[in-house]
Amino acid sequence: MTDYPTSKDIFRECCSRIAAACAPCGFKYNKSRRRMIKPLGPFTAEIRFLSHSSNIAGTYLEFNTNCRILNTYSGKVYWEISLSTFRHKGKVWNLANEATRERELAEIITLIQNKVVPLMDKYETNLDEILEEVI
């Protein structure tokens, strides 16, 4: 009998792979809390990995991230966005299918590196400009 990976195993493996790909961007992976963090002066950039309890082994494994900037000391959230916002119609990813998983992971990593990280880095270097845009 062959043991197939569970949805949790696949989710953990995908989180680790995304975190490894984002390490050069300055993120540290906290495996137990399923998140990556990066210090930005008085702020912390955080990317939390999310799934859903309705996953069905081998059929459906929902994946998304919640990206936010928070005050390192108070914990107040200043900015937050879901990674799926950058995707057609805001759809989350399904990582259950082994045949399409690599493509899905590549898209997630590309969106984090090319869309989210620059926004987060801009937050640190241009806080006054960002606040003006928000206000």
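Whatever comes next refers back to the structure up there.
Because the structure is a prediction, the values reported are computed rather than measured.

Asker: How do you make sense of the layout of surface pockets when you look at a structure like this?
Answerer: If a probe as big as a water molecule is rolled over the atoms, it shows which places are left empty. Empty space within the largest pocket amounts to approximately 290 Å³. Lining the largest pocket are 13 residues; nearest its centre among them are Ser7, Lys8, Phe11, Arg12 and Arg34. A per-element tally of the lining of the largest pocket places helix H1 (residues 7–22) first, with six residues. Across the lining of the largest pocket, the residue classes tally to four nonpolar, five polar and four charged. The computed volume of the second largest pocket comes to approximately 220 Å³. Around the second largest pocket sit Tyr4, Pro5, Thr6, Ser7, Ile10, Ala57, Gly58, Ala96, Asn97, Glu98 and Arg101, which together line it. Of all the secondary structure elements, the ones that give two or more residues to the lining of the second largest pocket are H1 and helix H2 (98–125). Split by residue class, the lining of the second largest pocket holds five nonpolar, four polar and two charged.

Conventions used here
Sequence order as written defines the numbering, with residues in each chain counted from 1. Where local features are concerned, this predicted model is filtered to residues with pLDDT of at least 70; where side-chain atom pairs are given and counted, the filter is 80 or more; whole-chain, interface and lining totals use all residues. To obtain the side-chain values, all non-hydrogen atoms of the structure were used and water was disregarded. Buried and open spaces are told apart on a 1 Å grid over the protein atoms alone, a cavity being a set of points where a 1.4 Å probe fits but cannot get out and a pocket being an open set with protein on both sides within 12 Å along at least five of seven lines. Residues with an atom within 4 Å of a point are the lining residues. Grid points are joined across faces, edges and corners, and a volume is the space filled by probe spheres set on the points. By the criteria applied, helices consist of DSSP H or I runs no shorter than four residues and strands consist of E runs no shorter than two, each listed in order from the N terminus. Here the term charged refers only to Asp, Glu, Lys and Arg, the term nonpolar to Ala, Val, Leu, Ile, Met, Phe, Trp, Tyr, Cys and Pro, and the term polar to all other amino acids, Gly among them.

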